[in-house]
There are 4 protein chains.
Amino acid sequence: MFLEIPHVIGSVRPRITQSRELEMKASFQELLIYIIYLTDLCIITFGMVSTDMYYLNKVMLKLFLKTPLPGVENIDFTTMGSISDFWQFLEGPLLDGLFWKPWPNDNSTSLHRNSSYIYYENLLLGVPQIRQLRIRNNTCSIYPPFRAFTKLCYGKYSYKYEDRESFGLKNDSAWHYSRPTSLSLWHWGSIGLYSSGGFRFTLPKTKEKSLEKLIFLEDNNWITKGTRVVFIDFSMYNANVNLFCIVRLTVEFPAIGGIIPSWRFRSVKLLRYVTYFDYFLASCEVIFCLFVLTFFIQEMSQMKRLKINYFKDGWNWLDMLLLLLNVVAIVFNAYRTVEVSRLMENLLSNSDVYPDFYFLGYWQSRYNNMISVNIFFAWIKIFKFISFNKTMTQLSSTLARCAKDIIGFAIMFFIIFFAYAQLGYLVFGSQVNEFSTFQNCMYE
Amino acid sequence: MFLEIPHVIGSVRPRITQSRELEMKASFQELLIYIIYLTDLCIITFGMVSTDMYYLNKVMLKLFLKTPLPGVENIDFTTMGSISDFWQFLEGPLLDGLFWKPWPNDNSTSLHRNSSYIYYENLLLGVPQIRQLRIRNNTCSIYPPFRAFTKLCYGKYSYKYEDRESFGLKNDSAWHYSRPTSLSLWHWGSIGLYSSGGFRFTLPKTKEKSLEKLIFLEDNNWITKGTRVVFIDFSMYNANVNLFCIVRLTVEFPAIGGIIPSWRFRSVKLLRYVTYFDYFLASCEVIFCLFVLTFFIQEMSQMKRLKINYFKDGWNWLDMLLLLLNVVAIVFNAYRTVEVSRLMENLLSNSDVYPDFYFLGYWQSRYNNMISVNIFFAWIKIFKFISFNKTMTQLSSTLARCAKDIIGFAIMFFIIFFAYAQLGYLVFGSQVNEFSTFQNCMYE
Amino acid sequence: MFLEIPHVIGSVRPRITQSRELEMKASFQELLIYIIYLTDLCIITFGMVSTDMYYLNKVMLKLFLKTPLPGVENIDFTTMGSISDFWQFLEGPLLDGLFWKPWPNDNSTSLHRNSSYIYYENLLLGVPQIRQLRIRNNTCSIYPPFRAFTKLCYGKYSYKYEDRESFGLKNDSAWHYSRPTSLSLWHWGSIGLYSSGGFRFTLPKTKEKSLEKLIFLEDNNWITKGTRVVFIDFSMYNANVNLFCIVRLTVEFPAIGGIIPSWRFRSVKLLRYVTYFDYFLASCEVIFCLFVLTFFIQEMSQMKRLKINYFKDGWNWLDMLLLLLNVVAIVFNAYRTVEVSRLMENLLSNSDVYPDFYFLGYWQSRYNNMISVNIFFAWIKIFKFISFNKTMTQLSSTLARCAKDIIGFAIMFFIIFFAYAQLGYLVFGSQVNEFSTFQNCMYE
Amino acid sequence: MFLEIPHVIGSVRPRITQSRELEMKASFQELLIYIIYLTDLCIITFGMVSTDMYYLNKVMLKLFLKTPLPGVENIDFTTMGSISDFWQFLEGPLLDGLFWKPWPNDNSTSLHRNSSYIYYENLLLGVPQIRQLRIRNNTCSIYPPFRAFTKLCYGKYSYKYEDRESFGLKNDSAWHYSRPTSLSLWHWGSIGLYSSGGFRFTLPKTKEKSLEKLIFLEDNNWITKGTRVVFIDFSMYNANVNLFCIVRLTVEFPAIGGIIPSWRFRSVKLLRYVTYFDYFLASCEVIFCLFVLTFFIQEMSQMKRLKINYFKDGWNWLDMLLLLLNVVAIVFNAYRTVEVSRLMENLLSNSDVYPDFYFLGYWQSRYNNMISVNIFFAWIKIFKFISFNKTMTQLSSTLARCAKDIIGFAIMFFIIFFAYAQLGYLVFGSQVNEFSTFQNCMYE
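Reading the values: rules and limits
All residue numbers refer to position in the chain's written sequence, counted from 1. Following the order in which they are written, the chains are lettered starting with A and the ligands numbered starting with 1. Whole-chain, interface and lining totals are the exception, using all residues; otherwise, since this is a predicted model, local features are given only for residues with pLDDT of at least 70 and side-chain atom pairs are given and counted only at 80 or more. The basis for every side-chain value is the complete set of heavy atoms in the structure, and neither hydrogens nor water enter the calculation. UniProt positions are given in the numbering used here, feature names are shortened, and annotations may be inferred rather than shown by experiment. When the copies are superposed, the least-squares fit draws on C-alpha atoms of residues that have pLDDT of at least 70 in both. Only heavy atoms matter for contacts: two residues are in contact if any of them lie within 4.5 Å across the pair. Helix and strand assignments follow DSSP, with helices taken as H or I runs no shorter than four residues and strands as E runs no shorter than two, numbered in order from the N terminus. Remark: exposure states derive from per-residue accessible area (1.4 Å probe, protein chains only) relative to the maximum for the residue type, with buried under 20%, exposed over 50%, and partly exposed in between. In this tally, Lys and Arg are treated as positive and Asp and Glu as negative; His is ignored, and so are the chain termini. Whenever Lys or Arg places a side-chain nitrogen within 4 Å of a carboxyl oxygen from Asp or Glu, that contact is recorded as a salt bridge. Here a polar contact is taken to be a pair of N or O atoms separated by no more than 3.5 Å, where protein atoms must pair a possible hydrogen donor with a possible acceptor and residues adjacent in sequence count only if both atoms sit in side chains. Values labelled buried area give the accessible surface lost by two parts on being combined, using a 1.4 Å probe and summing over both. What a helix should span is 1.5 Å times the count of its residues minus one. All amino acids are sorted into three groups, where Ala, Val, Leu, Ile, Met, Phe, Trp, Tyr, Cys and Pro are nonpolar, Asp, Glu, Lys and Arg are charged, and the leftover types, Gly among them, are polar. Confidence of the predictor at the level of single residues is captured by pLDDT, which takes values from 0 to 100. At least two DSSP bridges between two strands are required for those strands to pair.

- Chain A carries the name Polycystic kidney disease 2-like 2 protein in an unreviewed UniProt entry, which gives Phrynosoma platyrhinos as its organism.
- Looking at chain A in UniProt, the text filed under Subcellular location (unreviewed entry) is "Membrane".
- According to the UniProt record, the Sequence similarities (unreviewed entry) comment for chain A is "Belongs to the polycystin family."

Structure follows, in structure tokens:
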């Protein structure tokens, strides 16, 4: 151990032993190149987002979540509490929000007579899809004496207890189980993780027919005691700002009765190369790829040279992490472009089906987060080049020396903190929202 | 004093004088056993609670407290202000919430035609009970000149001023005082501690008859000027998730006029051995009992060996506290199982009476809190095994040395803090909620 | 200066030079007596307040401020904005709140047929009084070119611009100015300090006649362009808990248009010797007087002995302050008792007049605050007896040594803070509530 | 560098080398003069603002923003969401707020029969103006496959894409573009910077005709798909308190659909010399000008004496800044007086046009802010005279010594902070209001 350290210093940071002037110059050159790379990365990342996304989400959120149910001032999607409220939401605010009459005197658009433009600007893509998951009877144990009272027992949702039998009228896809498509994701709701199959139906292209269909389903009890969750999925495209808004409204019917609504609005830029600025971004992306290639070669050569010692410097780990994130970003970007084209083609050939943008929207927002973390680390890496700051090195060496004590304290702190969070969860968990899940307790 | 210290060290911690290696090994073995015990305890405790409790409380709270009175958008149980509001609540939201029609087309359940399933899932157990406490006339002193104005004077509630005379129509149990059952608890309300007797009646099994009864009581002035509090008690059982929800809505009629509503929703798991997972928990409980027995014997032998010195080590006090809590937990668990069976039997044989789960729910939630504190201390005890941490011992010895100064400061701080809280209570107490009781002032 | 210090020490604290044991004993004896005094003071102070005060205020606040105007769900006293809203409030929520029908079937109380019991428990004392203050025309300068547009100019309220001319129908006291009674206080409103005279009228004893009167006044424009404030005053007495609730609702009509409502609810215990507990309090008060007398003699003798040096010890200043507060408290207590008796007598002989409890309520609440500050200082004084704490003296001597620097910093801090508050007031004052007055800015 | 420092000390602060007594005296004299200057400045600044401004803004804000749309309890200007809501606002709350009937029985004011007094006290100046900005079709790129669906594409607002073609009925100024007046300012809205031209019209002098005009415009689709923003401008004058209230309500129609309302209420004192107090202020202003002149000469002479060294003392920079601010303030004050007179003359000669006070109000509030900053620095400058405080100099010299380290840390902190803000913007920007713009992220 003691013998190794000089070796490490000698090999990993040979420039410390070089003359200071040369080192400074090399460092400065490296820094300059790095700043170009960082600028390029910033342009790409900021080109990806826009304030419009926020306003699009906000406007849609207000339209679908804050419109009160007909005849009741105080109840909207976020505060509804019973199954009849839910049907009223479907037949009222949802249909009102989805199907808009064309702009008055707007004769120029005879082509898309059947298309609905939400708020006159956002084209509803294809048709909305409503999907439910059900659970089988007798999926929970009843205390024997109570069996006289109730023969029905529908437990909490769980994949293995899913009911895939056709039910009700059985004359329509809404009553038959359909398997998930290969790409769909399972959904984390408030109280469960839901599979991607279920009993699906799509709404017709007009408001009148949709209302008819919904009333028909309500009258025939499409929502049963075994229903555990209903998803309402639709997407829209705003040509003015080239943004997709992918919406999922989720209504859970827990085993304890009542309903728990939740929602997800995702505004994403799926079509990337439309305006001239987009082409500028594209060229930035090409430069970015070149940078990544160069860095990759650099790191490889350095790894080859230093061998095992390469992994002993924290900065190298950061370099590798950044490289990995960059490569994943490039691959995802390519995949997204192909997949959007395919979906678009399908949609344009037949506009009466539900286009599953949810999957793409989910990964696009994951990708955005990843690239954001990427740029954060890229900013931190800048310290590699300016770390000859005296105060900084003093600080870090002091930290290194008392690392053991700090770790000891950290463990003690963690145990006490964990015990305290557990206490909070156990004592207040059933009454207070902030303590209702163990994760929340940890955050408090 | 000086002579005693080496003695203490020599006897309480003899392992310090042993060889370090042996000690480490013994310590590690102890730690391992302790971790098994801790895991067992965690499984038992977390098996006792579930997120469903939170959602069950939330759903019930919304149903009974947030439904507005008929015809008034802004007034619900939490904001009602006059006696007529209270009768409207009883006849409106309460009855609507309690009595649900069966699920449409649900023919399979002919057996329990008269049972109400709240939100279609939660069986109302037996019937709800409404109980009031009244106070006698002339229970306060009137300033002599005012005696011309008012001959009636009903003071604040106090057990010794309780009015136990029959009143009103006297044709029914609602008008006759009934003694408390032996087990019932007194109730801490917002402005008083209420005894457990009172004028009680239960609601019939149907909504129509209940409404009739309530209107009859309203017309005959069941609530008088002497009424100081009304309790509405009912319980429900959710077979899907095997949870009881025990509800008490309290409406106080203070001597100053107006009404003060409060409420208590308790979701508890009273039936423990129903599913397979429950049997796994039961086996964990058996293991737990064995652990407790072992610990008990260990502590006894240690106490015998060390005699008076045993009580000089803080860790031993913690051990004893944990043992005591464990034993109480085991005893309560046994009692609960017996008591629930008895109540269930009674209820199943006659479903027209009010089943008093409130007492059991209260102790179950107290028990949950106790076991939570238990597990918190059990986590803390883990430091006993890893306390050879150097920094830790430095810290504690430093603290010990300046204990006297710290205590001096603490007393000074307490006096100033107490004086300050008192000032806040006296100056702002009659205007601001946060200062309305002296306890609140202390918390601020 | 240097020569004086030993002198001071020698004379003010001669016990430091005595033997330590004797000193401790004397100190302990003093402390014991002081604790008895403190306990007595606490009993008196806490006997003066009760949680009922808070609930009485809360219930009344809800009744008068939170009841919406007839036909409008969202507007109540606190949110009303125009003069017609104000008349609606007077004719709706105010009259509904003031005049209650007797409790159903309550025949026993034939004596007080005309009395209104708010919430069935709180006797409305006498009749409510409504009072306005007006301002003369041409009390502000109009920019010359605008004089063509408007001949009327009613400036901000100011005592010297008050309009005391009779106006309108002149057939009633409501249209004639009446001078303030000698005792009434000026009122600090949101935007001015209002004198205590004005155009007053009282409401009749029944709701119907009151409504008639108010409609008559509204139709004849009792509120004119010169009206700057309207006060609504009434008091009630709750015999159950022996509390007065003295209410003043203030509506300001600022020169900028619109209306600004404010309010003051004061629950006070004006009648002190009614129950047995009150007599116990009375005996405590006698003991308190004896204590005050003793302390007075003690301080006098000490002052005589130490002469000018007496004033060099901070504790002596505290002693004098406490003595002064105590004497004022005793005097006020005597005055209150006399004044309440007088007012009560007047009220009982003629219940159709407005009894001016506002003045008494104001001073009672001032008195409560004073006695609260008194007891706070009394608690602090306890340190005089336990100040031989070593750490404490170290702390205070250190503070004394660097007092000069601290004061220098304090001045600098104050200048910067003042400049900053001023900046906040000037920049945000016209937009944000927190900065709307300079005092608010200082608190921020 | 090393040689220069004694030189600087010797020349800039020669008084340090003088005898201490003389220096103190000179310093005290300077301080005294400075305090007179500061007092004068304070009087001027506080004479400029008043609490009435806050209440005037508040009352107007409530009237125009909080009045609900007719028939809908929950929707007002701040929460409206669709174009039809906007027309309802124009025809309902706006007209109700603008046009008030005269005070009942107010015959004295026959002259201004057509003038509307908002809240009976605030004269509506001239007539309100409504102005919209539109954008051309095909101002954004549509993804080729979507071109079949939509031929219309109106992008985000941008000056170069503005549509200045006449449209609709073309029979009125409302349908023709009018160029901006030379003085008008561009407007920063929530999502764009808007030019000052547009399609304008003014409302007639009566409510009935205004309603007619608005309904006519609504029926003929004055708001088109290309509309991006509508401004509603009006001003009022309160003669009682001599304040103008200049209101601009902005409604943006973003490219993503929906509407985003915002508002700006400015209460300013534009007419300065009306009351006697104003003349006192005027004399203070004259004194102020003399002070500024003196300071200017002083600084000039000092600058001449010290040459380049003058700029090496931070206090001198502060002096120069203050002088500059003072001169700008004086110039603006002169300009304002002239401009208001001109506007007033225009308005009084023809009251049927829209008087553009917005420009003046904007600069007046900018001026208020400037003078506030001015007085803040003037307060800080007082330390120049009392900086012989020992502690202070110690502090500043310590700070000066470790400036390099502090700057290093500051840079590091800024980079990390910037990276963190960027991360927040990228990850949460599209969902959470606090992160919706990068500036907001920086403030967090």
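Now that the structure is up, let's keep going.
## Side note on the relation of the copies chain C and chain B
Right, on to step 1. For the pair chain C and chain B, the superposition axis carries a translation of 0.0 Å, the fit reaches an RMSD of 0.1 Å, and the rotation angle comes to 90°. Such a combination of rotation and displacement between the chain copies is what one expects of a four-fold axis. Among all residues of chain C, the one whose C-alpha sits closest to the rotation axis is C:Glu73, at a distance of 5.7 Å.
Right, on to step 2. When you check the interface residues of chain C against chain B, a mere 2% turn up at the interface there too, and the two sides of the contact use different surfaces.

## Concerning the side chain of C:Arg228
Right, on to step 1. Tracing the sequence through the fold places C:Arg228 in strand β7 (residues 227–238).
Right, on to step 2. No salt bridge is formed by the buried C:Arg228; its nearest oppositely charged neighbour, D:Glu121, is found at 4.6 Å.
Right, on to step 3. At 2.8 Å, the side chain of C:Arg228 forms a polar contact with the backbone oxygen of C:Tyr154.

## Describing the interface of chain C and chain B
Right, on to step 1. Each partner contributes to the interface: chain C provides 55 residues, whereas chain B provides 56 residues.
Right, on to step 2. Interface of chain C and chain B: buried area, both sides summed, is about 5100 Å²; carbon and sulfur atoms make up 66% of it.
Right, on to step 3. Across the contact surface, chain C and chain B share 1 salt bridge.
Right, on to step 4. We note a salt bridge from C:Asp52 to B:Lys156, for which the minimum N-O separation is 2.9 Å.
Right, on to step 5. For the pair chain C and chain B, the interface holds 10 residue pairs in polar contact (both at pLDDT 80 or more).
Right, on to step 6. Elements with a contribution of two residues or more to the side of chain C that touches chain B: α2 (20–48), α3 (51–65), β2 (122–134), β7, α7 (314–349), α8 (358–381) and α9 (390–401) of chain C.
Right, on to step 7. In terms of residues, the side of chain C that touches chain B owes the most to one element, α3(C), which gives 9 residues.

## Concerning helix α3 (residues 51–65) of chain A
All names here are of chain A.
Right, on to step 1. Between the first and last C-alpha of α3 there are 21 Å, a value that for 15 residues agrees with the 21 Å anticipated at 1.5 Å per step.
Right, on to step 2. Among the 15 residues that make up α3, 11 are buried, leaving the element largely enclosed by the rest of the structure.
Right, on to step 3. Considered for burial, the residues of α3 that qualify are Asp52, Met53, Tyr54, Tyr55, Leu56, Asn57, Val59, Met60, Leu63, Phe64 and Leu65.

## Considerations on the interface of chain C and chain D
A common way to report how large an interface is uses the accessible area buried once the components associate.
Right, on to step 1. Opposite the 56 residues of chain C that make contact, chain D presents 55 residues.
Right, on to step 2. Interface area, chain C with chain D, both sides summed: about 5100 Å², of which 66% is carbon and sulfur.
Right, on to step 3. Across the chain C-chain D interface, the total number found is 1 salt bridge.
Right, on to step 4. There are 10 residue pairs in polar contact (both at pLDDT 80 or more) connecting chain C and chain D.
Right, on to step 5. Sort the elements by how many residues they give to the side of chain C that touches chain D and helix α10 (residues 403–428) of chain C lands first, with 14 residues.
Right, on to step 6. Its residues assigned to classes, the side of chain C that touches chain D comprises 30 nonpolar, 20 polar and 6 charged.

## Some words on the confidence of the model for chain A
Should the pLDDT be low somewhere, the predicted coordinates at that spot are not to be read in detail.
All names here are of chain A.
Right, on to step 1. Overall, the predicted model of chain A reaches an average pLDDT of 82, with 88% of residues at or above 70.
Right, on to step 2. Within the model, pLDDT remains below 50 along residues 1–16, and this stretch shows 14 contacts once partners closer than five positions in the same chain are excluded.
Right, on to step 3. Reported for the predicted complex are a pTM of 0.83 and an ipTM of 0.80.

## Focus: unusual backbone geometry
Residues and elements named next belong to chain B.
Right, on to step 1. With a phi angle near 60°, Lys170 is a residue other than glycine that sits in the positive phi range.
Right, on to step 2. With respect to the helices and strands, Lys170 occurs in the loop between β2 (122–134) and β3 (177–178).
Right, on to step 3. For Lys170, a relative accessible area of 46% puts it in the partly exposed group.

## Some thoughts on the relation of the copies chain C and chain D
Right, on to step 1. After a rotation of 90° and a shift along the axis of 0.1 Å, chain C superposes on chain D with an RMSD of 0.1 Å.
Right, on to step 2. The share of interface residues of chain C whose copies in chain D are also at the interface is only 2%, consistent with the copies meeting through different surfaces.

## Focus on the pairing of strand β9 (residues 260–268) of chain A
Note on strand geometry: in a regular strand, side chains alternate between the two faces of the sheet.
Residue and element names in this part refer to chain A.
Right, on to step 1. Of all the 9 residues making up β9, 7 are buried; the element is thus mostly covered by neighbouring parts of the structure.
Right, on to step 2. As paired elements, strand β8 (residues 243–252) and β9 share 9 bridges and run antiparallel to each other. In the sheet register, Ile246 faces β9, and the bridge partner there is Arg266.

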